[in-house]
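# Secondary and tertiary structure notes
Each chain is listed here by its residues.
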Amino acid sequence: MQPYILALDQGTTSSRALLFDREQRIVGMEQREFPQLYPREGWVEHDPMEIFSSQYSVMMELLAKHGVKPAELAAIGIANQRETTIVWERDTGRPVYNAIVWQCRRTAPLVDNLVSQGLTDHIVKTTGLVPDAYFSATKIKWILDHVDGAAERARRGELLAGTVDSWLIWKLTGGAVHATDYSNASRTMLFNIHTRDWDETLLDALGIPRAMLPAVFPSAHLYGTTNIEGTAVPIAAAVGDQQAALFGQCCFDKGDAKNTYGTGCFLLMHTGGAPCASGNGLLATIAAGLEGEAPQYALEGSVFIGGAVIQWLRDEMRFITESADAEYHAGKVPDTGGVYFVPAFTGLGAPYWDMYARGCIVGLSRGTSRRHLIRAAEESIAYQSRDLARAMEKDTGVPLRTLKVDGGASRDRFLMQFQADIMDCEIRRPALSETTALGAASLAGLAAGLWQSRDALRALRRDGAVFSPAMPPAKREALLAGWAKAVERSRAWAA
């Protein structure tokens, strides 16, 4: 009987399920978008029950459509949007509030309070992160402060908190398991990445009881089982989506780097068995790992709004009908006509870390057309990623000559060529672009014994397109100078 690995890829705007065979070929995929909730300016929420129901339904549809029996599943691997935070009742499993999404800016004042308490250095040294509303810690604090009785119920042990992986594991195991992995825990701003334990100083500063939080394990680990039509199927991996993509790209060695183009953009470089302290606004984080191994680390830079700017052009501005149309329109004009688009809708991530930046479009003239704006939006994704790469080169002293790419927007040939040009770096896209799901599947397959080693995974990797830089240096420098001016216009805008 052919063993399959089922990957659940729970993202910011959609839930997906993918079936992989022993050769790491995709047998089938199902996807469902779910609503994005914006209660106030700068706030972003999801309904936790929508997250689970969309994820569960695509899983069951996938198995039914392809006639795969639960007994044919060697294991399930979960990859998830990170930092998004849920608090729910231990006894009933009911959320006490909507999930607060990683993009949400509402907790910026709580972060400012931590900074005023002199905790910045402690946060940087302990968690590898910088104080920012992006991370989970202040989201938990906000829910405890704003839901009637939540803080007291948490102290009594009645409430649980976790990231999306924890929520899915809890639901899939029928409430039997409250757990997360090191990669997701390292993104909460509550976790000591050196001792690999929750940090008491930060828990006390935010009034978060340790009993709310999940047990923490390596990414490849038997988390429990889920019952599918009477068959117990092991959940053998949980991993944050960006660490999953790093693993799926076979970036197993120190210096290997990848950039994922999804809702945001996330550039990660493997740094080996020790975290790399950043002096340029990047983050040290725990990479995906296996049971029984020493922890592995990565250096990360995050762009909050990457592919989401194209979704905004489609859904809010109605400039395009499908996201894929952006590539066509961007290629129909020779340049942006001097227009720059800084999509700081929810602030700026690395290397700026400006919670109060907001989106702006500059350089408009009477001749500016819809296509110029679309091209400027496309280029903004590449500019932001180049900023991350430059910061990473400064931190590591290693120039990026080759960058592996993945994610939905990596299929955009215009964007990938502009990325190669503006970064002066070779861009390599794998034949299989679904590397986040592949990473979760690979980790689950290793834990379940379907594959025996990382070398076995390397042997299955298949290369796709390569994009080489072709832009004259003078033009590149002029464009980057304009981008730097545009970024400054966007900063510190919101009060």
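Please refer to the structure placed before this passage.
Keep in mind the model is a prediction, meaning the values are calculated, not measured.

### Side note on the overall build of the chain
Helices and strands together make up the secondary structure of the chain, namely 16 helices and 23 strands. Counting only C-alpha atoms and orienting by the principal axes, one finds that the chain spans roughly 60 × 55 × 45 Å. Burial status across the chain gives 61% buried among its 495 residues. For the chain, the proportion of contacts with a sequence separation of at least 24, taken over those separated by at least 6, is 73%. Roughly 18200 Å² of accessible area belongs to the chain as shown, and the carbon and sulfur atoms make up 49% of that amount. Of the side-chain charges in the chain, 50 are positive and 56 negative, and the distance between the mean point of each set is 4 Å.

### Here we look at the environment of leucine 438
Within the secondary structure, leucine 438 is located in helix α14 (residues 435–448). Apart from residues lying up to four places away in sequence, leucine 438 is in contact with Phe20, Gln24, Gly248 and Leu432.

### Examining helix α6 (residues 164–172)
Among the nine residues in α6, eight count as buried, and that is most of the element. Note on α6: the residue one or two positions beyond its end, glycine 174, has a positive phi of about 65 degrees.

### Here we look at the sheet that holds strand β1 (residues 4–10)
One open sheet holds the six strands; their spatial order is β3-β2-β1-β5-β14-β13, and the pairing between them is mixed. Each edge of the open sheet carries a strand with a single partner, namely β3 (26–33) and β13 (220–228). Here the average twist between neighbouring strands, direction ignored, is 25 degrees. Two elements, strand β5 (residues 73–80) and strand β14 (residues 231–240), share five bridges in a ladder whose sense is parallel. Within the sheet, the bridge partner assigned to glycine 77 lies in β14 and is alanine 237. Packing against the sheet, α6 makes contact with β1, β5, β13 and β14, and its axis sits at approximately 145 degrees to β5.

### So, the environment of isoleucine 305
With respect to the helices, strands and loops of the structure, isoleucine 305 is situated in the loop between β18 (297–303) and α10 (308–315). Sequence-wise, isoleucine 305 and aspartate 455 are 150 residues apart; in three dimensions their C-alpha atoms are separated by 34 Å. For isoleucine 305, the residues in contact, after removing those within four places along its chain, are Gln103, Thr263, Gly264, Pro343, Phe345, Thr346 and Gln384.

### A look at the nonpolar core
Leu190, Ile208 and Met212 are the most contacted members of the largest nonpolar core, which totals 106 residues. No other element matches helix α12 (residues 370–396), which puts eleven residues into this core. Beyond its immediate sequence surroundings of up to four residues, isoleucine 208 is in contact with Ala137, Ile140, Lys141, Leu144, Leu190, Leu203 and Leu213.

### Some remarks on the environment of glycine 347
Examined against the element boundaries, glycine 347 turns out to sit in the loop between β19 (340–342) and β20 (360–362). Look at glycine 347 and you get buried, because its relative accessible area is 4%. Sequence spacing of glycine 347 and alanine 494 is 147 residues, and the spatial spacing of their C-alpha atoms is 9.0 Å. The contact partners of glycine 347, leaving out residues within four places of it in the chain, are Arg105, Phe304, Asp354, Met355, Ala357 and Arg358.

### Topic: the sheet that holds strand β16 (residues 265–272)
In space, the seven strands of this open sheet follow the order β17-β18-β16-β15-β21-β22-β23, with mixed pairing throughout. The strands lining the two open edges of the sheet, one partner per strand, are β17 (283–286) and β23 (463–467). The mean angle between the axes of side-by-side strands here comes to 30 degrees, regardless of whether they run parallel or antiparallel.

### Brief notes about the packing of aromatic side chains
By the definition in use, this model includes 24 aromatic pairs. Here tryptophan 102 and phenylalanine 266 contribute two aromatic rings whose centre-to-centre distance is 6.0 Å and whose plane-to-plane angle is 70 degrees, an arrangement assigned as edge-to-face. You can see tryptophan 102 sitting in the loop between β7 (99–100) and α2 (108–116) and its partner phenylalanine 266 sitting in strand β16, a full 164 residues away along the chain. Tryptophan 102 sits in the buried class, given a relative accessible area of 4%.

### A closer look at the pairing of β18
Burial within β18 is extensive, with seven of its seven residues counted as buried. Because side chains alternate across β18, one face comprises the buried residues Tyr297, Leu299, Gly301 and Val303, and the other comprises Ala298, Glu300 and Ser302, equally buried. As defined by bridge partners, β16 adjoins β18 across seven bridges and the pair is classed as antiparallel. By the bridge assignment for β18, leucine 268 is matched with glutamate 300. Bridging between β17 and β18 involves four bridges; their strand directions are antiparallel. Note on β18: the bridge partner recorded for isoleucine 286 is tyrosine 297.

Reading the values: rules and limits
- Residues numbered from 1 in each chain as written.
- Predicted model: local features only at pLDDT ≥ 70, side-chain atom pairs only at ≥ 80, totals over all residues.
- Heavy atoms only, no water.
- Helix = DSSP H or I, 4+ residues; strand = E, 2+ residues; numbered from the N terminus.
- Buried < 20%, exposed > 50% of the residue type's maximum accessible area, 1.4 Å probe, protein only.
- Contact = heavy atoms within 4.5 Å.
- Areas by Shrake-Rupley, 256 points an atom, 1.4 Å probe, with all protein chains shown as cover.
- Lys, Arg positive; Asp, Glu negative; His and termini not counted.
- Charge placed at Lys NZ, Arg CZ, Asp CG, Glu CD.
- Pairing = 2+ DSSP bridges.
- Axes fitted to C-alpha atoms, helices over the stretch in contact; angles between N-to-C directions.
- Core = buried A, V, L, I, M, F, W, Y, C linked by side-chain atoms within 4.5 Å.
- Phe/Tyr/Trp six-rings, centres within 6.5 Å; stacked < 30°, edge-to-face > 60°.

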